[in-house]
Amino acid sequence: MRLYAFVANTMKKEFYSNGKLLITGEYLVLDGAKAFALPTKFGQNLIVEKGINQEITWKSYDSDGSLWFEDRILFSEISSEKSTEKPVSVRDTLLEILRKGYLLNPDFIINSDGYSITTTLTFPKNWGLGTSSTLINNVAQWLKIDAFVLLKNSFGGSGYDIACAQNNTPILYHLESGKPIVEKIVFDPQFTKNLYFVYLDKKQNSKTAIASYNKNKNTDLTKAISENDAITYAVLNAKDSPELALALEMHEAKMSDILDMQIIKETLFQDFNGVIKSLGAWGGDFVLVVSEGNPTDYFEQKGYKTILSYKDMIL
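What counts and how
- Residues take numbers from 1 onward in each chain, read along the sequence in its written order.
- Local features in a predicted model are, by the rule used here, given only for residues with pLDDT of at least 70; side-chain atom pairs are given and counted only at 80 or more, and totals for whole chains, interfaces and linings are based on all residues.
- Note that the side-chain values use all heavy atoms of the structure and ignore hydrogens as well as water.
- Two kinds of site are reported from a 1 Å grid over the protein atoms alone, namely cavities, where a 1.4 Å probe fits but cannot get out, and pockets, open sets with protein on both sides within 12 Å along at least five of seven lines, and residues are called lining when an atom falls within 4 Å of a point.
- Grid points are joined across faces, edges and corners, and a volume is the space filled by probe spheres set on the points.
- Polar here means any residue outside two lists: the nonpolar Ala, Val, Leu, Ile, Met, Phe, Trp, Tyr, Cys and Pro, and the charged Asp, Glu, Lys and Arg; Gly therefore counts as polar.
- Buried Ala, Val, Leu, Ile, Met, Phe, Trp, Tyr and Cys residues that are joined via side-chain atoms within 4.5 Å together make up what is termed a nonpolar core.
- Three labels apply to residues, based on accessible area from a 1.4 Å probe with only protein chains included: buried if under 20% of the type maximum, exposed if over 50%, partly exposed otherwise in between.
- Here a helix means four or more residues in a row that DSSP labels H or I, a strand means two or more in a row labelled E, and each is numbered from the N terminus.
- The contact rule is simple, with two residues in contact once any of their heavy atoms fall within 4.5 Å.
- We define a salt bridge as a side-chain nitrogen of Lys or Arg found within 4 Å of a carboxyl oxygen belonging to Asp or Glu.

Chemist: Tell me about empty space enclosed by the protein, residues and numbers included.
Modeler: Scanning all chains against the criterion turns up one cavity of 30 Å³ or more. Empty space within the largest cavity amounts to approximately 60 Å³. Lining the largest cavity are Ile 23, Phe 36, Leu 38, Phe 187, Leu 195, Val 235, Leu 244, Leu 248, Leu 288 and Tyr 310. Partitioned by chemical class, the residues of the lining of the largest cavity number 10 nonpolar, no polar and no charged.

Chemist: Requested: an account of the nonpolar core, with residues and values cited.
Modeler: Counting 40 residues, the largest nonpolar core has Ile 56, Trp 58, Ile 78, Val 139 and Trp 142 as its most contacted members. A total of six residues in this core trace back to one element, the largest contributor, which is helix H4 (residues 131-143). Filtering out sequence-adjacent residues up to four positions away, Trp 58 remains in contact with Leu 46, Phe 69, Glu 70, Asp 71, Leu 94, Ile 117, Thr 119, Leu 135 and Val 139. Counting residues in hydrophobic clusters, the runner-up holds 33 residues, among them Phe 187, Phe 191, Ile 231 and Leu 244.

Chemist: Quick rundown of unusual backbone geometry? Include the residues and the values.
Modeler: For Asn 53, which is not a glycine, the phi torsion comes out positive at approximately 65 degrees. As for its placement among the helices and strands, Asn 53 is situated in the loop between strand S2 (35-50) and strand S3 (55-61). Accessibility expressed as a relative area gives 56% for Asn 53, which makes it exposed.

Chemist: Describe the environment of Leu 67, listing the residues and the values that go with them.
Modeler: Along the chain, Leu 67 turns up in strand S4 (residues 67-74). In the structure, Leu 67 is positioned 227 residues away from Asn 294 in sequence and 35 Å away in space, judged by C-alpha atoms. With residues up to four places along the chain from it excluded, the contact list for Leu 67 reads Lys 59, Ser 60 and Tyr 61.

Chemist: Kindly report on the pattern of salt bridges, identifying the contributing residues and their values.
Modeler: Enumeration over the complete set of coordinates arrives at 10 salt bridges. Measuring nitrogen to oxygen at the nearest pair gives 2.9 Å for the salt bridge that ties Arg 91 to Glu 77. Of the two residues, Arg 91 is situated in helix H2 (residues 90-104) and Glu 77 in helix H1 (residues 75-79); the sequence distance between them amounts to 14 residues. With a shortest N-O distance of 3.4 Å, Glu 227 and Lys 254 are connected by a salt bridge. Highlighted residues: Glu 227 in helix H8 (residues 222-237) and Lys 254 in helix H9 (residues 241-259), separated in sequence by 27 residues. For Glu 227, a relative accessible area of 24% gives the class partly exposed. Linked by salt bridges that have partners in common, Asp 71, Glu 77 and Arg 91 make up one network.

That is the geometry; function is a separate question.
Right under this line is the structure:
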């Protein structure tokens, strides 16, 4: 008897997953550190409709309505034992996710004539808010399988992004013996009005970033993880923006030592009056800015056009 039952029908099904931002614990979360993460108001939809010909017709739209990916995938390709060891294209990556999903629940192919699937991002796909994680979580919802297992079997990673995809509140996240532990938390201090997110317009590949971390990290991370956890709790318990800023500066300094990389403020924003913290993969995507005043003019003069307030970005 299969663990999951799957009955195809003619009804349209729609799924949605939240995007994510990792505030503390980047990289170290892979090794058991506690990470503070925030689901975003932006995410991705997936619509499944009945298809034909034992195939999936797939269309993916960016937030501006432009079609950025379109293809046909045969059921026979999904059920094939062949695996794409190093996916090099969007199609390869999608096929690998579907193959891993098939291994967890083959009924979605066995009980169907075909599917027509459409995905739509509500954020520009270059923003790095979780194009892949929202897709994986949506596929897992559709197939009625564990999204954390699907991630582990396909992309890899800590899984904090899957936790954000599934939750509408801030979370504290860590891995315990490889298992995801998700704690919903309250984070709604008055000083969120001093927090902004700025897009650096330099998309980072998370797989490449993780590989770099694994290469540079010390073999014994016990002290680093302990320090990270203390800083994470300092961020969560900060009573005002200066206290938060101090904790974030400590986090940047610690990660700079581990990664052997300069902090982003030193490389790009030395003259900024406030604190800037890298988020997720260092060197790209968004940064978190703590500023007593609105920093929009400063960043626009530097050539950065995407500046979002906390309330505009975070659920």
